[in-house]
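# A look at the structure
Okay, here's what each chain looks like letter by letter:
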Amino acid sequence: MTTVFEKTPMLTDTVLHYCPGCTHGVIHRLVAEVLEELNVGERTVGIAPVGCSVMAYNYFNCDFVQAAHGRAPAVATGVKRANPDSVVFTYQGDGDLAAIGTAETVHAAARGENITAIFVNNTIYGMTGGQMAPTTMPGQITQTSPYGRDIKAAGYPIRVCEMLATLDGTAYCERVAVDCVKNVRAAKKAIKKAFEMQLAGKGFTLVEVLSTCPTNWGLNPVESLGWLREKMMPYYPLGVYKE
Amino acid sequence: MSKRILIKGNEAIAEAAIASGCRHFFGYPITPQNELAAHMSRRLPKIGGCYLQAESEVAAINMVYGASAAGVRCMTSSSSPGISLKTEGLSYLAGCDLPAVVINVQRGGPGLGSIQPSQADYFQAVKGGGHGDYRMIVLAPNSVQEMYSHTCKAFDLADQYRLTVMILTDGFLGQMMEPMTVESGQLTVDSEKDWAVGGKRGKRIVNSLFLKPADLEKSNLERFERYKLVEESEPLHEGYMLDDAEIVVAAYGATSRITRNAIDEARSQGVKAGLLRPVTVWPFPKKAFAKAAEHARAFVSAEMSMGQMIEDVELAIRCRRPVLLCSRVGGMAPEPKQIFDAILQADKEAAR
Ligand SMILES: Cc1ncc(C[n+]2csc(CCOP(=O)(O)OP(=O)(O)O)c2C)c(N)n1
Ligand code: SF4
């Protein structure tokens, strides 16, 4: 019998707690596969955020530090400076990376901190039950924008890749999506490139992954993928923003 | 071999950290601790260390959290408003049982307050400050020499008990220049950190999240077992004319030095006054106070705060004697005369 598919050993056997149709799991697998392919698992330290992926430390088969909400880039900085041989990545949601942790994100990038940020943009605060996020789009309905995000009151969303691309310390940032096979492949390529650049000591790398939150979007998994394509992609265009 | 040098308190702390093997410092500018960070920025790059000016105190303490998780000796320093920002990190450090050394060169508050010396962060340091049940060992030096020796001790205690040790000092001691003896051979050896991440030693997790309440309770209870050991083994105090004192003045840090003059004055006028100086403010030297209450008729708590340490004095002596407050705040320091008057007042009160 030939084995045609195997789970990467960089993921543990722990059953993921994510909701059905949530693409956090897909992104986990891509990161894990890349770590395995680069053969760096043993010296990798992941930084878990506060958000739905808080328990990433249970899923990845590498060392992990759980960080306070938004502080993952600062924690990653501490780990990397203490042990420059380690491969360090943060895994953060949009609330974590682009609201409470904006300062930590921008300055880790500005310093050219040699770490990789995996930024999961699902336009919403998933873990706390679907509140408006810094990436919630104009008109988008959430628990705390029940009439749709009113830009007069709540302002505009932040396009993280575009913003970070202006910084000299950012070595690489790309926005990808995990809505279909083709894009999943491209996402993996981007993630691999980010880690390769870290290994080459190039500086701050970030991959923004457009991701679904069926539970808080109030859509089923298939509808969610459609919504991601139709609503998110025009507002958050895929592509390389800094290289 | 020992060497005698003239140095500022803030710089003495920096030198002590380096002597203790600390090679990672994360800070953010704030007066009156700037000389400390500046000294680190001069020294660390020359010895293969890392000085990093963070974007905020929040980031700095979280860098300490990361570096400590990776197993190195590391430190951050700040002054009152900056320490408020660090409290989130202090709670996480405690929740993960990570060792760290944090310096607070206190200034007047609340709010932006002043840049002058103060002791008004006492509660924040010894009662918590951040969320959740946790403790820090808090050392209160009163000379430049002790700024050095306490910092060396802080790194050892932090590793030994896996907790944060704070040096609670103030703008006086930070800015003051004094001669100091540097003992060679004070460098201590890092203990094996079998919990540190990033070293090909099997999967390791540094985390303070517990989904099951029973697990979280267990982790709290285990931590408090360690705190109990600290409370049994680590309280330190210093007495001055204490053994026969009828009026005992409690004072720590810079205030304890001013108090000595008041004690001398009182003694010269026939009042049996003495000083009981907590050297560790947590653990508070409760036994020393209980013992002093056996011969003391009254206590005075001399502090540059509106009556914070006085609560620990009252608790330690179980309110068996009157305790008077003698305080100046806002960047003002008590003069010996004010403490002397408080001693006479306490003497009168005890006679009633
Ligand atoms: C200091 C602090 N503030 C608020 C929270 C509550 N909180 C937990 S998760 C979260 C939002 C996470 O959203 P996001 O980063 O978008 O990640 P997602 O859950 O969508 O993956 C918030 C606000 C917290 N844990 N700590
Ligand atoms: S709440 Fe949303 S982001 Fe969180 S696991 Fe469920 S679907 Fe995923």
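Residues numbered from 1 in each chain as written. Chains lettered and ligands numbered in written order. Predicted model: local features only at pLDDT ≥ 70, side-chain atom pairs only at ≥ 80, totals over all residues.

### Quick notes on the sheet that holds strand β3 (residues 50-53) of chain B
Residue and element names in this part refer to chain B. Ordered by their spatial adjacency, seven strands build an open sheet running β3-β2-β4-β5-β7-β6-β13, and the pairing between neighbours is mixed. Two strands bound the open sheet, and with one partner strand each, they are β3 and β13 (280-282). Within the sheet, the average angular offset between the axes of one strand and its neighbour, ignoring direction, is 20 degrees. Inspection of the sheet shows strand β2 (residues 24-27) paired to β3 by four bridges, in the parallel sense. The partner of Phe25 across the bridge, within β3, is Tyr51. Where helix α4 (residues 80-95) meets the sheet, its contacts fall on β4 (74-78), β5 (100-106) and β7 (164-170), and the angle it forms with β5 comes to roughly 160 degrees. (Pairing = 2+ DSSP bridges. Helix = DSSP H or I, 4+ residues; strand = E, 2+ residues; numbered from the N terminus. Axes fitted to C-alpha atoms, helices over the stretch in contact; angles between N-to-C directions. Contact = placed C-beta atoms within 7 Å.)

### Here's the deal with the interface of chain B and chain A
On the side of chain A, 27 residues touch chain B, which itself brings 31 residues to the contact. Put simply, the parts of the chain that give the side of chain B that touches chain A at least two residues each are β3, α3 (57-69), α4 and β9 (205-206) of chain B. For the side of chain B that touches chain A, the per-class residue count stands at 17 nonpolar, nine polar and five charged. Where strand β2 (residues 63-66) of chain A and β9(B) come together, two bridges link them in parallel fashion. Bridged to A:Val65 within β9(B) is B:Val206. (Nonpolar A, V, L, I, M, F, W, Y, C, P; charged D, E, K, R; others polar.)

### A few points about the site of ligand 2
Taken together, the neighbourhood of ligand 2 is formed by A:Tyr18, A:Cys19, A:Cys22, A:His24, A:Cys52, A:Asn122, A:Gly126, A:Met127, A:Cys213, A:Pro214, A:Thr215 and A:Asn216. Residue composition of the shell around ligand 2, by class: seven nonpolar, five polar and no charged. (Near = placed C-beta within 6 Å.)

### Things to note about the nonpolar core
Counting 177 residues, the largest nonpolar core has A:Val79, A:Ile118, A:Val209, B:Val138, B:Val249 and B:Ile343 as the members making the most contacts within it. Both of domain 1 (2-233) and domain 2 (238-277 + 284-351) of chain B provide at least three residues apiece to this core. Leave out the neighbours within four places in its chain, and A:Ile118 touches A:Ile27, A:Val31, A:Phe89, A:Thr90, A:Tyr91, A:Ile191, A:Val207 and A:Val209. (Core = buried A, V, L, I, M, F, W, Y, C linked by C-beta atoms within 7 Å. Buried ≥ 20, exposed ≤ 12 C-beta atoms within 10 Å, placed from the backbone. Domains from an automatic or database assignment.)

### Topic: the sheet that holds strand β9 (residues 239-242) of chain A
Here we have eight strands laid out as an open sheet, ordered β9(A)-β7(A)-β8(A)-β4(A)-β3(A)-β1(A)-β2(A)-β9(B), and mixed in their pairing. Every interior strand has two partners, whereas the edge strands, β9 of chain A together with β9 of chain B, have only one. Bridge analysis of strand β7 (residues 170-177) of chain A against β9(A) gives three bridges, and the strand direction is antiparallel. Looking at the pairing, A:Glu174 lines up with A:Val240 of β9(A). Its contacts with the sheet put helix α3 (residues 72-82) of chain A on β1 (44-48), β2, β3 (87-93) and β4 (116-121) of chain A, and the angle it makes with β3(A) is roughly 175 degrees.

### Description of the domain arrangement of chain B
Residues and elements named next belong to chain B. Once the domains are mapped, chain B shows domain 1 (2-233) and domain 2 (238-277 + 284-351). For domain 1 versus domain 2, the separation of C-alpha centres amounts to 29 Å. Facing the 17 residues of domain 1 at the interface are 16 residues of domain 2. Looking at the side of domain 1 that touches domain 2, the elements that each hand over two or more residues are α5 (122-127), β7 and α7 (171-175). Of the residues contributing to the side of domain 1 that touches domain 2, the split by class is eight nonpolar, seven polar and two charged.

### Considering the site of ligand 1
All names here are of chain A. Gly51, Cys52, Gly93, Gly95 and Gly126 are the nearest of the 17 residues found near ligand 1. Secondary-structure elements contributing two or more residues to the shell around ligand 1 are α4 (94-100) and β5 (124-125). Of the residues forming the shell around ligand 1, the biggest block, three residues, is contributed by α4. Looking at the shell around ligand 1 residue by residue, the classes come out as seven nonpolar, eight polar and two charged.

### Focus on α3(A)
A large share of α3(A) lies buried, amounting to 11 of its 11 residues. Here α3(A) has its buried residues at A:Ala72, A:Pro73, A:Ala74, A:Val75, A:Ala76, A:Thr77, A:Gly78, A:Val79, A:Lys80, A:Arg81 and A:Ala82.

### A closer look at the pairing of β3(B)
In β3(B), alternate side chains face the same way, and those of B:Cys50 and B:Leu52 are buried while those of B:Tyr51 and B:Gln53 on the opposite face are not. For the segment spanning β2(B), helix α2 (residues 34-43) of chain B and β3(B), crossover handedness is right-handed. (Right-handed = clockwise from strand over helix to strand, strands pointing away.)

### Re unusual backbone geometry
The linkage connecting B:Thr31 with the following residue, B:Pro32, adopts the cis geometry, with an omega of 10 degrees. Mapping B:Pro32 onto the fold places it in the loop between β2 and α2. Residue B:Pro283 is bonded to the preceding B:Trp282 through a cis peptide linkage, with omega at 0 degrees. Take B:Pro283: it is sitting in the loop between β13 and α10 (286-295). The backbone of A:Thr123 sits at a positive phi, close to 55 degrees, despite the residue not being glycine. With respect to the element layout, A:Thr123 can be found in the loop between β4 and β5. Taking the number of C-beta atoms within 10 Å as the measure of exposure, A:Thr123 has 28 and is therefore buried. With a phi angle near 55 degrees, B:Asp97 is a residue other than glycine that sits in the positive phi range.

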